[in-house]
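Breakdown of the fold
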Amino acid sequence: MTKPAIIIIGASSSIAKAFFREQHERYPQHLIITISRHSVEDLYTSPEMHHRHIICDNSPSEIARVIDDIAPFIPTTQSITIFNGQLHNANFKPEKRLEDIQSDYLQWLFTVNTITPLLWLKGMGELLNNNSQCVLTCLSARVASIDDNSLGGWYGYRASKAALNMAVKTLSVELTRRAKHCKCVLFHPGTTDTPLSKPFQSNVPEGKLFSPKFVAIQLSNLLTQTVANGQVDYIDWQGKPINW
Ligand SMILES: NC(=O)c1ccc[n+]([C@@H]2O[C@H](COP(=O)([O-])OP(=O)(O)OC[C@H]3O[C@@H](n4cnc5c(N)ncnc54)[C@H](OP(=O)(O)O)[C@@H]3O)[C@@H](O)[C@H]2O)c1
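Think of each chain on its own: its residues are numbered from 1, step by step along the sequence as written. For a predicted model such as this one, the threshold for reporting local features is a pLDDT of at least 70, and the threshold for listing and counting side-chain atom pairs is 80 or more; totals across whole chains, interfaces and linings nevertheless cover every residue. With hydrogens and water stripped out, all remaining heavy atoms of the structure feed into the side-chain values.

A few points about the overall build of the protein chain
- A count of helical and extended segments in the protein chain gives five helices and seven strands.
- Starting at the N terminus, helices and strands are each numbered in turn, a helix being any DSSP run of H or I of at least four residues and a strand any DSSP run of E of at least two. Along the chain direction, N to C, the helices and strands of the protein chain fall in the order β-α-β-β-α-β-α-β-α-β-α-β.
- If you line up the protein chain on its principal axes, its C-alpha atoms span 55 × 40 × 35 Å.
- Exposure categories follow from relative accessible area, calculated using a 1.4 Å probe and restricted to protein chains: below 20% of the type maximum is buried, above 50% is exposed, and the middle band is partly exposed. Counting over 244 residues, the protein chain shows a buried share of 47%.
- Summarising the internal contacts of the protein chain: among those between residues at least 6 apart in sequence, 68% fall at separations of at least 24.
- In these tables, accessible area is a Shrake-Rupley quantity obtained with a 1.4 Å probe, and a residue counts as shielded only by the protein chains included in the view. For the protein chain, the exposed area adds up to about 12300 Å²; of that, 53% sits on carbon and sulfur atoms.
- The protein chain carries 23 positive and 21 negative side-chain charges, and their two centres are separated by 4 Å. Contacts are assigned to residue pairs with any non-hydrogen atoms lying within 4.5 Å of each other. His is not counted, nor are the chain ends, whereas Lys and Arg count as positive and Asp and Glu as negative. A charge is said to be at NZ when it belongs to Lys, at CZ for Arg, at CG for Asp and at CD for Glu.

Written out as structure tokens, the structure is:
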């Protein structure tokens, strides 16, 4: 029988690369399918690795092409983990106040943080069925918690990740009807040493800036403990629930 696949989307993310290595160590015989806008040469560390990398620009037509290509693996996939997410770029940084809000920045954030993950969930979710036992995880963030927002600022990032959370919650309701043994997870990695957090690391308390490897181990451990109960686990790197 074919081993279940592991699918990693947004595979150029620093956390995704560490997660790939961790998953390969745990499941050396599984096929790991990585998907990214880029080639990720540093992942090809072992010639006998059970690994297939697919380049995709995340447009709806390209996503459909990739889904067609990997469709035979999806119903028996063990986990689908979506890392896509952005906070800043050369032109934009998170808003501190109302005056900083810009339409272009918001559109970029919602595309990367909400629409791209949801298009992948659509394509893959349609192929899951009541025999599937897949954990579908999106990288979320604690700042997406409406309850937890006492500091303000970061309008676009907060809102786009909160929208992702709502979309995944909605998916979990649909999965109870069409793929009842599947589970949705929204994972907050904690502040992790990656390009995304680089400009904001100076305020992080000692010991609270995590390495991608540490976060990848935490996530891999948590994925083995999930229970398909129709609920989404919105959790941090310790597995502690985050209020919506
Ligand atoms: N680092 C932290 O402290 C922290 C904290 C909370 C949450 N997170 C979340 O963790 C996830 C991984 O981030 P990271 O810290 O590992 O950052 P990173 O190394 O900068 O990774 C960026 C990710 O965003 C994707 N991406 C970038 N531009 C994109 C675009 N235009 N369209 C679609 N996808 C795009 C990349 O996918 P490709 O491979 O396709 O380029 C990659 O998966 C993100 O969702 C982030 O919001 C991170």
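Brief notes about the site of the ligand
- A single heavy atom is enough: if one lies within 4 Å of a molecule or strand, its residue is considered near that molecule or strand. Inspection of the region around the ligand gives 28 residues, with Gly10, Ser13, Ser36, Tyr157 and Thr194 positioned closest.
- Measuring from an oxygen atom of the ligand, one finds a backbone N or O atom of Ile15 at 3.4 Å.
- Throughout this description, a polar contact denotes any pair of N or O atoms lying within 3.5 Å of each other; where both atoms belong to protein, one of them has to be capable of donating a hydrogen while the other can accept it, and for residues adjacent in sequence the pair is counted only when both atoms sit in side chains. Here an oxygen atom of the ligand sits 2.8 Å away from a polar atom, N or O, in the side chain of Lys161.
- Protein contact buries 91% of the 880 Å² of open area that the ligand shows by itself.
- Looking at the shell around the ligand, the elements that each hand over two or more residues are helix H1 (14-26) and helix H4 (155-178).
- Charged means Asp, Glu, Lys or Arg here, nonpolar means Ala, Val, Leu, Ile, Met, Phe, Trp, Tyr, Cys or Pro, and polar covers whatever is left, Gly included. Split by residue class, the shell around the ligand holds nine nonpolar, 17 polar and two charged.

Overview of the side chain of Asn84
- Inspection of the secondary structure puts Asn84 in the loop between strand E4 (79-82) and helix H3 (103-125).
- Sequence-distant contacts of Asn84, that is, excluding residues within four places in its chain, are made with Ile9, Gly10, Asn58, Val112, Thr116, Pro117 and Lys161.

Comments concerning the environment of Asp100
- Here Asp100 lies in the loop between E4 and H3.
- Between the C-alpha atoms of Asp100 and Ile67, which are 33 residues apart in sequence, the distance is 38 Å.

Things to note about the nonpolar core
- In this description, a nonpolar core means a group of buried Ala, Val, Leu, Ile, Met, Phe, Trp, Tyr and Cys residues linked to one another through side-chain atoms lying within 4.5 Å. Ile7, Ile35, Ile70, Trp120 and Met124 are the most contacted members of the largest nonpolar core, which has 32 residues in total.
- Beyond its immediate stretch of four places on either side in the chain, Ile70 contacts Ile7, Ile33, Ile35, Arg52, Ile54 and Met124.
- Within the second largest apolar cluster, 24 residues are counted, among which are Val40, Val215, Leu222 and Ile235.

Quick notes on the pattern of salt bridges
- One speaks of a salt bridge when a side-chain nitrogen belonging to Lys or Arg is within 4 Å of a carboxyl oxygen belonging to Asp or Glu. Counted under the stated rule, the structure contains eight salt bridges.
- A salt bridge links Glu62 to Arg65, with the shortest nitrogen-to-oxygen separation between them at 2.8 Å. A residue pair is termed a helical-turn pair when its members lie 3 or 4 positions apart in one helix, as Glu62 and Arg65 do in helix H2 (residues 60-70) at three residues.
- The exposure class assigned to Glu62 is partly exposed, which follows from its relative accessible area of 23%.
- Under the relative-accessibility criterion, Arg65 is labelled partly exposed at 37%.
- Residues Arg178 and Glu174 are paired through a salt bridge, measuring 2.7 Å at the closest nitrogen-oxygen approach. Pair noted here: Arg178 and Glu174 are both in helix H4, with a separation of four residues, about one helical turn.
- A relative accessible area of 33% places Glu174 in the partly exposed class.

Quick notes on the pairing of strand E1 (residues 6-9)
- Burial of the side chains of E1 extends over both faces: Ile6 and Ile8 are buried on one face and Ile7 and Ile9 on the other.
- Pairing between two strands requires that DSSP report at least two bridges joining them. Bridge analysis of E1 against strand E2 (residues 32-36) gives four bridges, and the strand direction is parallel. Considered in E2, the bridge of Ile7 is made with Ile33.
- The definition of a right-handed crossover adopted here requires that, viewed with the strands pointing away, the path from the first strand over the helix to the second runs clockwise. Crossover connection from E1 via H1 to parallel E2: handedness right-handed.

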